[in-house]
Amino acid sequence: MPLETAAAAPAAAPVVTRTAARERAARNRRFTVYGARAGVLVAFLGLWELCARTEVIDPFNFSQPSRIWAQIWQWVTHGTAQGSLGEQIGYTLYEALTGWVIGVTGGVLLGIALGRIRFLADVFGPYIKVLNAIPRIVLAPIFLIWFGLGPASKVASAVVLVFFPVFFNAFQGAREVDRNLIANARILGADQRRLTLQVVIPAATTWIFTSLHVSFGFALIGAIVGEYIGATKGLGLLVAAAQGTFNAAGVYAAMTILAVVALFTEGLLTSAEKRLFRWKPADSGDGR
């Protein structure tokens, strides 16, 4: 027995060593990627600042990072003409999140329903294609007329931008379910409801999550465009007010805040996706 233990120990050691080496290499690669990203950002901002200070580019039109930071700091410490900066961010996030939830829910339900029931797809398919062909940004003024300057018009703009990408991904995901899997579930006695809930929806989840990553950006666009056209609060109103006073730094500052909000939300979605799809093997070629 001691001889067997002694023979097994050297065999286990290389495995542990290789695993630790792979983890160390992956950690070093992450640090290298993050460092390169930070370096690119610093180089871009530094070049922008230098070109503005030396007037290679017009600082009045293009502004410069130092002025943009000063504008953000002023909003943080003294607020905006419409109220505190947190209030503006919260207002826009409320509109975007509400529109996103409504658009995702409607897109998933209708996409799976039409993907599973061919008769519904044949009836409503042409109407959905026609609606999808309409430039949805131009609907924002119509929603403003219908719902006024309040958040409802911005939520409606976000909904129409979110709905279609989610719908088409859910529809395609429901259509792409393995037919053998469906046949086996039916042989085991699954009715239509169980088939949809326990087979189709889990199989389409990957397709749906793919659309969620881009759809929240669309929700933000819908909210911002609606606020830009007409609103009482929000980041879109900050952009419109800064443009009206030819304050390029204010426009870029609002865009920077929007980018940070979008990146934070993307991080939350990515984390949720990793937890949900923990069973999937990691893709070594995705560059992450």
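Quick caveat: nothing in here was measured; it's all calculated off a predicted structure.

Novice: How do you make sense of the side chain of Glu 227 when you look at a structure like this?
Specialist: By the element assignment, Glu 227 lies in helix α9 (residues 192–229). The side chain of Glu 227 is buried and forms no salt bridge, while Lys 154, the nearest opposite charge, is found at 6.9 Å. A polar atom in the side chain of Glu 227 sits 3.0 Å from the side chain of Thr 92. Those residues in contact with Glu 227, other than ones at most four positions away along the chain, are Tyr 91, Thr 92, Glu 95, Lys 154, Lys 233, Gly 234, Leu 235, Gly 236 and Leu 237.

Novice: Mind showing me how you'd approach the nonpolar core here?
Specialist: Side chains that are nonpolar tend, in soluble globular proteins, to be buried together. Counting residues in each nonpolar core, the largest one holds 35 residues, and the members touching the most others are Trp 75, Trp 100, Val 104, Ile 208 and Leu 235. If you list the elements that add at least two residues to this core, you get α3 (65–78), α4 (85–116), α7 (151–175), α9, α10 (235–244) and α11 (248–276). The element contributing the most residues to this core is α9, with 10 residues. Once residues lying within four places of it in the same chain are set aside, the contact partners of Trp 75 are Thr 80, Leu 85, Leu 238, Gly 250, Ala 253, Ala 254 and Ile 257.

Novice: Which parts of the structure should I look at to understand helix α5 (residues 118–133)?
Specialist: Counting along an α-helix, one turn takes 3.6 residues, and residues three or four places apart therefore face a common direction. Spanning 16 residues, α5 covers 22 Å between terminal C-alpha atoms, matching the ideal 22 Å at 1.5 Å per step. In the structure, α5 departs most strongly from a straight axis at Phe 124, where the bend amounts to approximately 45° and where the proline Pro 126 lies between one and four residues downstream. By the burial criterion, the buried members of α5 are Ala 121, Gly 125 and Ile 128.

Novice: What am I meant to see in unusual backbone geometry here?
Specialist: Excluding glycine, most residues fall at negative phi; most peptide bonds, likewise, are trans. The backbone of Glu 55 shows a phi angle near 60°, a positive value even though the residue is not glycine. Secondary-structure assignment places Glu 55 in the loop between α1 (2–53) and α2 (59–62). For Glu 55, a relative accessible area of 62% corresponds to the exposed category. Residues other than glycine seldom take positive phi values, yet Ser 63 does so here, at roughly 55°. Among the secondary structure elements, Ser 63 is positioned in the loop between α2 and α3.

Novice: What is the right way to read the environment of Ile 221 from this model?
Specialist: Inspection of the secondary structure puts Ile 221 in helix α9. The spatial distance from the C-alpha of Ile 221 to the C-alpha of Leu 161 is 8.2 Å, given a sequence separation of 60 residues. Here Ile 221 is in contact with Ile 137 and Leu 161, once residues within four sequence places are set aside.

Novice: Teacher, can you tell me more about the side chain of Arg 136 here?
Specialist: Within the secondary structure, Arg 136 sits in the loop between α5 and α6 (139–147). Despite its burial, Arg 136 pairs with no opposite charge, the nearest such side chain being Glu 95 at 17 Å. A polar side-chain atom of Arg 136 sits 3.0 Å from the main-chain carbonyl oxygen of Asn 132. Setting aside anything within four residues of it in sequence, one finds Arg 136 in contact with Leu 131, Val 160, Leu 161 and Phe 164.

Each value, and the rule that gives it
- Residues numbered from 1 in each chain as written.
- Predicted model: local features only at pLDDT ≥ 70, side-chain atom pairs only at ≥ 80, totals over all residues.
- Heavy atoms only, no water.
- Helix = DSSP H or I, 4+ residues; strand = E, 2+ residues; numbered from the N terminus.
- Buried < 20%, exposed > 50% of the residue type's maximum accessible area, 1.4 Å probe, protein only.
- Lys, Arg positive; Asp, Glu negative; His and termini not counted.
- Salt bridge = Lys/Arg side-chain N within 4 Å of Asp/Glu carboxyl O.
- Polar contact = N/O pair within 3.5 Å; in protein donor to acceptor, adjacent residues only side chain to side chain.
- Contact = heavy atoms within 4.5 Å.
- Core = buried A, V, L, I, M, F, W, Y, C linked by side-chain atoms within 4.5 Å.
- Expected span 1.5 Å × (residues − 1).
- Bend = angle between axes of the 7 residues up to and from the residue.

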